[in-house]
Amino acid sequence: RKFQLSAAFLEAVFIPEDLSGSNVSFELSVGNFGNTFDESVPQTTSTTQPVHPVPYGKSFYYLPWGQSKPCVNVTCHFEDIEDRINALNLVISTCDRLEKNIGRIRHMHQAQAGTREIARAFIDLLDQLMKDLDAKHRKVPEPSRKNPIVTKLDFKIHDIRKNEIKSILESVQDLRKSATDLMEALAQVDAFLARLRALAIEGQNSFPDVFISMLSGKKRVAYARVPAHHIMYAHDKDTDTKWIDASGKNCGRPQTVYLKWPPKNDGTPPNHQVACQLTVSLWLGLEQRSNDWLRCQDEGEISVFAETYENEVNYGFGWGTKGLFIPHFSDNAGKVSLEKENFFPPGGWTWDDDWFLSPELSTSTAPDAGKTVYIEDIFEYQHRIAGTQWSTAIPTWGNVRGDKLPGGHSDVKLAKGWAWKDAQWTMDKGRVCDEAGFQYTLDPSLATYVPIEKTYHLWRRRRWTRTRMRTAVGSDVKKKQEADEEHERDGWEYSHSFSGTFRIYKQLFDKCRHRRWHRKVVAVKGSDVDSPTFYFPDPDEGGAGHQETPRMFMRFKEPHRFQLRVYLYQARNIRSADSTGLSDPYCRVFFSRHCAKSVILKETIMPTWDQTIIIDNIDLHGDLKLIADSPPDLVIELFDEDIVGKDEFLGRCIVKPYIRLEPRHPPPKLDWYPIKYFGKDAGEILAAFHLLVCEGNELPFAPERKDDEKNSHLFRVPHDIRPRMQSMRVEALCWGVRDLKRLQLLSVDKPFVAITVGGEQLKTAPIAKMKKCPNYDKPLLVFTSVQLPHEELYMPPLSIQVFDNRAFGRTPLAGTHIVLDMKQYKRDRFQYEPPREMVLVGHSRRPVAVVIEIPEVAVEGAAPPNGQAGGGTVISNPAVDVDGGGNAADTASVRSIKKGKKVDEEERRALFVDWWSKYYASVEAEDQVFDDYLEKYQDLITMYDDTLEKKFGGFNDFVDTFFLFRGKGQRDEEEEQNQAVGKFKGIFCIYPLPEDQSEVPPLVLANIPSSKEQKVIVRIYVIKGTELQSQDPGGKNDPYLRIYMGNERLVNDKSNYIPNTVDPIFGKMFEVKASLPVEHQLKIQVMDWDLLSADDLIGETIIDLEDRFLTKDRATCGLARSYCVDGTNAWRDTSRPVEILNDVCKRRGILPPEYDGDARCKVADREYELFAEDDLVAPEDELGELKERLALKVLHNFDLVPEHIETRPLYNPLRPSLPCGNLQMWVDIFSESGPKPRAPVNINPRRPEEYELRVIIYNVEEIPLDDESITGEAMSDIYLKGWFQESDDKKHKTDVHYRSLSGEGNFNWRWILPFNYIPAEKKMVIKKRESFFSWDKTEIRRAPTLVVQVWDNDLFSLDDYLGDIELDLIKMPQPAKTSKKCKPEQLEPPDMSSGGILSKLKNLRKLEFVSLFETKSLRGWWPITGVDEDGNRVPAGKVEMELEILRKEETEEKPAGEARDDPNTNPTLSPPNRPQTSFLWFTSPWKVFKFIIWRRFRKVIIIALITAVIAALIGLLIYATPGYTVRKIFGFAFS
């Protein structure tokens, strides 16, 4: 359908000086429509008239459109998706209104408004939201199936929106009834807003965005992009008017658009200047409803004009067309001929008047427009003939343009509203000239002057100046009187060429001039009006001709006049532009065509201007109500004053001024507005902006002026707007500074701190020696009375500046920090809260009833002394001497074996309980065994998934850590640690003072500990690393640990690297000594070991030991759940619970505990008592005294650090924001001046024990017969293989039972399989190389699984697999006693889905599992399974085996040999009694004949032999018969 895009350009300001040299115009386009460079679309009035920018002082340029605002129209054709856009705008309008109301309530909450006022506003918010949702829910039209562009997605989106809006409406109604807490209710409203925003998406929005392009000449230099649905018009069919909620939020309304520069690809830095601030009214809708666009312009009249320019030249013969090389009448560029007589009205249009002159306003603007101070100049000219002396030229005086001033200085007249600032004219010698102020040239028409005199120079001049200043503010358009009369008479504008800049005044070398003619056209009533386009035929026959679009203007009668008052109070956290980390900031305020500047403040990034800037005579065009509803943007730009070079840009703030049309209205309130620097946060400014209507209203009195003489001309912020002040005391605890970087190539040795708040400053004394102790001897600074705002919203920032006290009185700035949020340190009174109930994470995972089953008698050796358990080796740090560091379980078991005692099941379970059992129970590891621990203890470790600092607020209850910065740039909160040049440790306390000075409260921070040096012992427990970033090509690491205290490396555990893993289990404890606060920073690095190259840093984590040592949360040693004097959970703190409780009460201002016996006490008006269930946390013989356990129970109700393991992320300095893995660890800190620490906890990884599995293969049966003999008999040559699953050790084999004809095999063969096993984890430890190129073996832990396979031996081919069985030694199926009872059901779980209860129980009894480590040995029959062609498991025989588990010590007592080798004992194996048919055929020919050939073919052989004998006899008979016959015959004859 046919759409119309209309725009009225109301104002264009902020045009940079770079674009002031050529005419500027604006182009409006949507898609290809309106693109003046695209000839494939019809030409429309899409561009404004080119106008030359004029300056406003030195600040910016603007386009002087005056009261005739250019308008454009673009006709376009697009798919009609009006219904989609309307539905989208309905949701967007609801979201915008809701977001605005939420912001208002949050602002009221921050400003500490009354509870009733906030509640009333919140109820209004909910009522408005329900009204919007209900109205929109009923009014959204359903997609019509008759519309050809409607798709299934439209129906789906409509249903989703309808159902979701209905659901939100019901939730809002429920919230309206049940809301009690404001913040919780606001959180729910935020969720409603998020759900509505999710609906404000239209995936089928095919309407392109609208582009506004700024053209300088014929080149696009800047652009702005406006979404089409923001300006789309919606028509309400019920009322036949504009549907406000469904129309775009900016449809037909003035909006401020900021044009952007096109992106650069040459690497140059972005330009901070705005390309243009454009105030424009946009409208987009169907052309048939374009009258609504006219209705939006209440005060403006839209007019259409034909336009042409008359051109003339002057080459010394007078002005005329002689020598004119462009058309006499043409367009603005002089390229297209536009004769007056060739203009004909378009169809539906007619002429309204004759041609008339219409001069451009830009040509009549004086150079002093917008300036309050202007330097007037005049030039003195001298002339000479070659070879003669200089003489006075005629005329002697002229201006810079070369115009003659015969009267000299007297010809320079003051304009109205100006006064001379200088008494006399002075010669200007500050420019490029000689000592006498002259500049020289050959010919003044060349306009090239040089400061050095040459013999061929014939002309010279010097400049005289006199400064004038404005006394009354008038219009910016100042016309010279003579030029005005001439311009109004003939309208000519002059230039040196037609491509140059035209002016209303003629200069000496101007050769060209032109003037503009307009003729108005109007639409014929009652006719179909098309876009007014003039068609000009080609003068050459057959030419295509060209089209010319007219000019459209919106003419306003009179503007509305306003006064702007900018209440500029202060700013905070602005960018630092100087190398010291500070700035010299000032503000420039831009509004409409006006600009003002604030006072400049020196060396601060939290300036307090306290200044009111008043801008008078602001003219705005348009409807007054519309201006009040949507005023133009006010722009504040912050700059840093630099003595050399241009002032540096610090950021920009864009706001809407406060405007009310009522005669009496409350003044605006100060608020914080964000400052942006290239889209990033660059601070905030506290200000208010009041736009006052000057028409018929009395303006309020001007604020009082400042008291100081230097700024006595400046106004202060009025009392009814500025924050309400009150007297407050500020206590600053300056504890010390840390990690200061070098300053001016020298180290910072004697720093002192200056604290500034509320305009007052206090300083500490310098530190005597930074390297010895970086704390201050007298750290407390007290501001006895400071005037600070009562409202927390206006609380000013606090400045922390650290200086270095150097020789010769120099105090360079070493670093600074601005504390923005002072609300956190403000309090009405200071006191600690009493202890409260706290649910300790991880201490209630197991019911107490299970603990009752713990045996009462403790087993000898069950718990190692001093809390050490597991590991098998001493603590890894050689510097630590741990008493009894060996594995208690190993020692106990060896001792029992040597005494010949049998270790029963209960004792074995007790031996498996160590610290790792406690750890796995705490993390609930699925692949670990910790049931034995839970049967004995309830203590669990609190596992934190983050650092301890984040869980306890950074331990900043005593002192905060503030990062110090130095140099230019903005502080990035995410990168502040990398940008910092040091750290300041301190804390602040702000509280109001009573009106009665005699009731001044005592200091809050008076009772502070000593800041002297503290010697401590630090124990670092590193459990494991997780998800370490890979450093090796294979995706693995070889990690090890390094520990630094400050810059000194104390531990390098390189020799104990763990190969080929990204989740290493370190299990290391390192004990080091440190001196606080010098060595306050503990750094733990995880390194990757490399064989040939340098080791790589995987990541590191840094812990501030001083914060943990000083915090009231007591982070020195985690508080255990129970007080045990022995066993795995033995108390490891140097102080007992009673001592800790007394100390906590003292530090928190609570009275000491009152004990009533050993089982009851009272703390902070609350009673505590030990109960029976408190005795079930551990075995009775391990628990300590009742009083200590009671004190520990009380301590659990304080928010103290429990026994824990924290997860610290690792970071690499090369990628500081990217985590490189995690480290599970904890740190204990003990003072050297206190009791000697107990033995450390043994967290060494569990070491495997050496075991031996003896497998005796006796017989197999029912093995599949896989081969056929030469005689066709089914047979198999059976042998067995055995090994541990995933082990690289050799595979054991039996001998071969040849020629098994029945599937039976006899072996009597022993395998001896040694392996390493961890009883506590029930895992076998396997070490193997991952590849041929692996340098180290990788350790893996798996369940001990024995694999036994049955094979058929083949002599000339690969052996055939027949079947196997896998036996988990921890959970083995019970063997059958006889072969007949051996069935596959021994390995498969029973089918519990069918059958009765008795049959299910019967099936369940068939499947019994035992642990070989408990039974020690098993003998019987197990089924063997194979795989059929479909991959299913099928029975494949039975095997009779005997399995026996022996520890290494037991193997020496019960020796045995492999197979049947010596020593063939335990038990003695005799050779198997195999049938005579079992042999290898080619080694026993006779057995082959006897047992294979003869047994199979004996009848055939006998028959064959008989037949052969008979055949031989017959053959002999046949052979002998002839001879015998002859012999008989002849013998008879001879005889």
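What this report covers is the structure whose coordinates are included nearby. The residue numbers shown here count from 1 along each chain, following its written sequence. Only residues with pLDDT of 70 or above have their local features reported here, since the model is predicted, and side-chain atom pairs are shown and tallied only from 80 upward, although totals for entire chains, interfaces and linings are computed over all residues. For the side-chain quantities, the full set of heavy atoms in the structure was used; hydrogens and water were omitted.

Focus: the pattern of salt bridges
Whenever a carboxyl oxygen of Asp or Glu lies within 4 Å of a side-chain nitrogen of Lys or Arg, that contact is scored as a salt bridge. Counting across every chain of the model gives 73 salt bridges. The salt bridge partner of Lys602 is Glu641, with a shortest N-O separation of 2.7 Å. A residue pair is termed long-range when its members are at least 10 positions apart, and Lys602 in the loop between strand 29 (594-597) and strand 30 (608-620) and Glu641 in the loop between strand 31 (634-640) and strand 32 (648-655) qualify at 39 residues. Only protein chains enter the accessibility calculation, which uses a 1.4 Å probe. A residue is then buried if its area is under 20% of the maximum for its type, exposed if over 50%, and partly exposed in between. Residue Lys602 is classed as exposed on the basis of its relative accessible area, which comes to 53%. Its salt-bridge partner being Arg1132, residue Asp1228 comes within 2.7 Å of it at the nearest N-O pair. Here Asp1228 is found in strand 55 (residues 1215-1231), whereas its partner Arg1132 is found in the loop between helix 14 (1105-1110) and helix 15 (1137-1147), with 96 residues between them in sequence. Using a relative accessible area of 0% as the deciding quantity, one classes Asp1228 as buried. Overlapping salt bridges bring together Arg738, Lys985, Asp1104, Glu1106 and Asp1107 as one network. A helix here means a DSSP run of H or I that spans at least four residues, while a strand means a run of E at least two residues long, and both kinds are numbered starting from the N terminus.

With respect to the side chain of Arg551
Along the chain, Arg551 turns up in strand 26 (residues 551-556). Classification of Arg551 by relative accessible area gives buried; the value is 13%. In protein, a polar contact requires one atom able to donate a hydrogen and another able to accept it; more generally it is a pair of N or O atoms within 3.5 Å, and residues adjacent in sequence count only if both atoms are side-chain atoms. Within the local environment of Arg551, its side chain forms a polar contact with the side chain of Glu307, the two groups lying 3.1 Å apart. Working rule for contacts: check all heavy atoms of both residues, and any pair within 4.5 Å makes them a contact. If we ignore the near neighbours within four places in the chain, the residues touching Arg551 are Thr47, Thr48, Gln49, Pro50, Ser303, Val304, Phe305 and Glu307.

Quick notes on the packing of helix 3 (residues 152-178) against helix 4 (residues 182-199)
How two helices sit against one another is set out by the angle between their axes and by the gap between those axes. Structural elements are reduced to axes, namely lines fitted to C-alpha atoms, with helices fitted over the stretch in contact, and the angle between N-to-C directions of any two is expressed from 0 to 180 degrees. At their nearest, the axes of helix 3 and helix 4 sit 11 Å apart, and the two run at 170° to each other. Compared by their axis directions, helix 3 and helix 4 come out roughly antiparallel. For the pair helix 3 and helix 4, contact is made by Ile160, Arg161, Glu164, Ile165, Ser167, Ile168, Ser171, Val172 and Leu175 and by Ala185, Gln188, Val189, Phe192, Arg195, Leu196 and Leu199, respectively. Just so you know the grouping, Ala, Val, Leu, Ile, Met, Phe, Trp, Tyr, Cys and Pro go in nonpolar, Asp, Glu, Lys and Arg go in charged, and all remaining residues, Gly too, go in polar. Taken together, the residues of the contact of helix 3 with helix 4 sort by class into 10 nonpolar, 3 polar and 3 charged. Put simply, angles under 35 degrees are roughly parallel, angles over 145 are roughly antiparallel, angles from 65 to 115 are roughly perpendicular, and the rest are oblique.

Quick word on helix 10 (residues 915-923)
Of all 9 residues that make up helix 10, 8 are buried, and the element is covered over most of its length. Among the residues of helix 10, those classed as buried are Trp915, Trp916, Ser917, Lys918, Tyr919, Tyr920, Ala921 and Ser922. Its buried side turned inward, helix 10 meets helix 11 (931-934), strand 42 (942-943), strand 45 (1014-1026), strand 48 (1065-1076), strand 54 (1204-1212) and strand 55. Between a side-chain oxygen at the N-terminus of helix 10 and the backbone nitrogen of Trp916 the separation is 3.3 Å; the capping residue is Asp914. Backbone geometry just downstream of helix 10 places Glu924 in the positive-phi region, at approximately 55°.

Remember that the coordinates give geometry; whether it matters functionally is a separate question.
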